[in-house]
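Okay, here's what each chain looks like letter by letter:
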Amino acid sequence: MIVVSSSLSRIYLLRHAESGWPENGQKDFDRTLSGAGYAQAEVVMDQAADRNYRPDLVLCSTAVRCRQTAEAVRRTLCAEDIPLRYIDQLYNGSLEVYLEILSATDTASSVMLIGHNPTISETLETLVGADQVAAVIAQGYPPCGLAVLDRNMDGATNKLEWRVIDFLQA
């Protein structure tokens, strides 16, 4: 059974925007967004702002490309007041790590997690199931893709479940 903090009613799963190729000797961790990646982040966050999507908390990988994506989130959503926590474990973190981080989030009703593929995609599939993922992103989780999940009660089973209510991409 997947346990996510009972305080959460909405989860935003954001894959970092497109990054550039590593320069000679550059570590993967230090890769920056490409020009297209900066544009993607602005487009997706403008769409989010238009829909009034605004997390109570942002949890972000410490990798440079994720931090740069988080800057676009804060700037576009005028969200300097939203707490932003950088978490080392999100870089190269497993599905279990991502789920543990969501489970430990007990001070917010909505959280945005900015991370990496394939784990961000695995997290989405674990929370909502393969059928919903296939219906929303059949071609795979694109750079700067933003899945918006809401928790709801399944009338047939009387269980709380997550469902994708929106998916934004550039």
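As recorded in an unreviewed UniProt entry, the protein goes by the name Histidine phosphatase family protein, listed as coming from Allorhizobium terrae.

### Let's talk about the state of the cysteines
In total, this model carries 0 disulfides according to the counting rule given. The cysteine Cys60 is free of any disulfide, with Cys66 supplying the nearest cysteine sulfur at 5.1 Å. As a non-bridged cysteine, Cys78 has Cys144 as the owner of its nearest cysteine sulfur, 17 Å distant. Cys78 gets classed as exposed once you look at its relative accessible area, which sits at 55%.

### Section: the confidence of the model for the protein
On average, the protein scores 92 in pLDDT, and the residues at 70 or more come to 95%. The least confident element of the protein, judged by mean pLDDT, is strand 5 (residues 146-154) at 89; the most confident is strand 1 (residues 10-15) at 98.

### Quick look at the packing of helix 1 (residues 35-50) against helix 2 (residues 64-76)
Contact pair helix 1 / helix 2: the axes reach a minimum separation of 9 Å and the direction vectors enclose 35°. Helix-helix and strand crossings are classified by hand; for helix 1 and helix 2 the assignment is right-handed. Listed contacts from helix 2 to Tyr38, Ala41, Glu42, Met45, Asp46 and Ala49 of helix 1 are Gln68, Ala72, Val73, Arg75 and Thr76. When its residues are assigned to classes, the contact of helix 1 with helix 2 shows 6 nonpolar, 2 polar and 3 charged.

### Some words on the environment of Ile101
With respect to the element layout, Ile101 can be found in helix 3 (residues 95-103). Sequence-wise, Ile101 and Leu90 are 11 residues apart; in three dimensions their C-alpha atoms are separated by 8.8 Å.

### With respect to the packing of helix 3 against helix 4 (residues 119-128)
At a minimum axis distance of 9 Å, the contact between helix 3 and helix 4 shows a crossing angle of 65°. The chirality of how helix 3 crosses helix 4 is right-handed. Residues Leu95, Tyr98, Leu99 and Leu102 of helix 3 pack against Thr119, Ile120, Glu122, Thr123, Thr126 and Leu127 of helix 4. Among the residues forming the contact of helix 3 with helix 4, the class breakdown is 6 nonpolar, 3 polar and 1 charged.

The rules behind these values
Residues numbered from 1 in each chain as written. Predicted model: local features only at pLDDT ≥ 70, side-chain atom pairs only at ≥ 80, totals over all residues. Heavy atoms only, no water. Disulfide = S-S within 2.5 Å. Buried < 20%, exposed > 50% of the residue type's maximum accessible area, 1.4 Å probe, protein only. pLDDT = per-residue confidence, 0-100. Helix = DSSP H or I, 4+ residues; strand = E, 2+ residues; numbered from the N terminus. Axes fitted to C-alpha atoms, helices over the stretch in contact; angles between N-to-C directions. Left-handed = near helix turned anticlockwise from the far one by under 90°. Contact = heavy atoms within 4.5 Å. Nonpolar A, V, L, I, M, F, W, Y, C, P; charged D, E, K, R; others polar.

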